[in-house]
Each structure stands twice: as C-alpha cells, then as structure tokens.
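Residue-level structure breakdown
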Amino acid sequence: VQLQASGGGLVRAGGSLRLSCAASGRTSRSVHMGWFRQVPGKERQYVAAIASNSESTYYADSVKGRFTISRDNAKNTVYLQMNSLKPEDTAVYFCAASRALGSRPPTVDVGYDYWGQGTLVTVSS
C-alpha cells in the first residue's frame with residue numbers, strides 16, 4: 001500500500017483544514033486507516049482511526065469533537081476534517097494503513113504497516 005498525504009497549510013486558530021490521504025495498492029480497501037501527528041523533538045501522537053469497514057471511528061481525546069475521520073473507498077482516500085483548530089494542533093500529520101486483523105484499528109503507531117510522507121499543519125494564534 002502506498003500513501004500520499006496532502007492538504008496541510010497555515011491557518012489561524014479557530015479555522016479549518018481538510019487533510020487527504022490517497023491510497024494505492026491491491027489491499028488498500030481492506031486496511032484500517034489512521035492519522036498521527038508529530039512535533040519535532042516529540043513522539044508521534046495518535047490522532048484518529050477508521051476501521052476497514054468504515055463503520056467505526058476513533059479519536060484521541062485531544063481532538064474529539066473537533067476532528068472527523070472518514071474514508072471514500074471508491075476513491076481509495078481517507079480524510080481528516082479538522083475544525084476549531086488550536087495552536088497546539090501544529091504538527092506534521094501522517095496517514096497510515098494497518099493490516100491488523102479484527103474490527104478495531106490500532107491506536108498506536110507500531111500497529112501500522114504503511115506510512116505516508118506527512119503534511120505540515122501550522123495553526124497561528
């Protein structure tokens with residue numbers, strides 16, 4: 001599975017951005033998908049995940065109620081809609097794919113097998 005993330009940019013606090021992650025590969029529709037973020041010098045942080053069947057979504061407490069993860073399997077694309085952005089949301093955002101078995105996607109980065117290149121989100125105060 002190959003992943004290409006896009007949609008990052010500079011936005012003011014309170015604004016919105018939508019990240020996209022285009023997936024390619026023969027198994028791209030059968031994988032769980034997740035978004036993570038990382039600030040230089042800090043560990044990569046889980047943000048959100050969506051199950052392979054698109055029926056379940058999961059969020060880190062820090063983004064719950066503000067971010068929405070979704071997927072369009074016809075387009076092999078996963079989205080992260082980010083609303084009410086805060087300066088502390090500033091980070092490089094990565095999408096990832098997991099071939100883990102079961103209905104619930106992993107919420108730790110070691111559970112993911114494929115990673116995109118990252119897209120920078122900067123939120124100014």
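Here the structure is shown first, and the text comes after it.
To start, this report covers the structure provided alongside it.

What counts, and at which threshold
Residues numbered from 1 in each chain as written. Predicted model: local features only at pLDDT ≥ 70, side-chain atom pairs only at ≥ 80, totals over all residues. Heavy atoms only, no water. Pairing = 2+ DSSP bridges. Helix = DSSP H or I, 4+ residues; strand = E, 2+ residues; numbered from the N terminus. Axes fitted to C-alpha atoms, helices over the stretch in contact; angles between N-to-C directions. Disulfide = S-S within 2.5 Å. Buried < 20%, exposed > 50% of the residue type's maximum accessible area, 1.4 Å probe, protein only.

1. Looking at the sheet that holds strand β3 (residues 17-24)
Read across the sheet, four strands follow the order β1-β3-β8-β7 without closing on themselves; strand pairing throughout is antiparallel. The open sheet has two free edges, formed respectively by β1 (2-6) and β7 (67-72), since each of these has just one partner strand. Recorded for the sheet is a direction-independent mean angle of 15° between the axes of neighbouring strands. Summarising the sheet, β1 and β3 pair through five bridges and their orientation is antiparallel.

2. Here we look at the state of the cysteines
A full pass over the atoms with the stated rule returns one disulfide. Here C21 pairs with C95 through a disulfide, and the sulfurs are 2.1 Å apart. Disulfide C21-C95: torsion about the S-S bond near 65°, hence right-handed. With C21 in strand β3 and C95 in strand β9 (residues 91-98), this pair connects stretches of sequence that are 74 residues apart. Considered together, C21 and C95 belong to a single accessibility category, that of buried residues.

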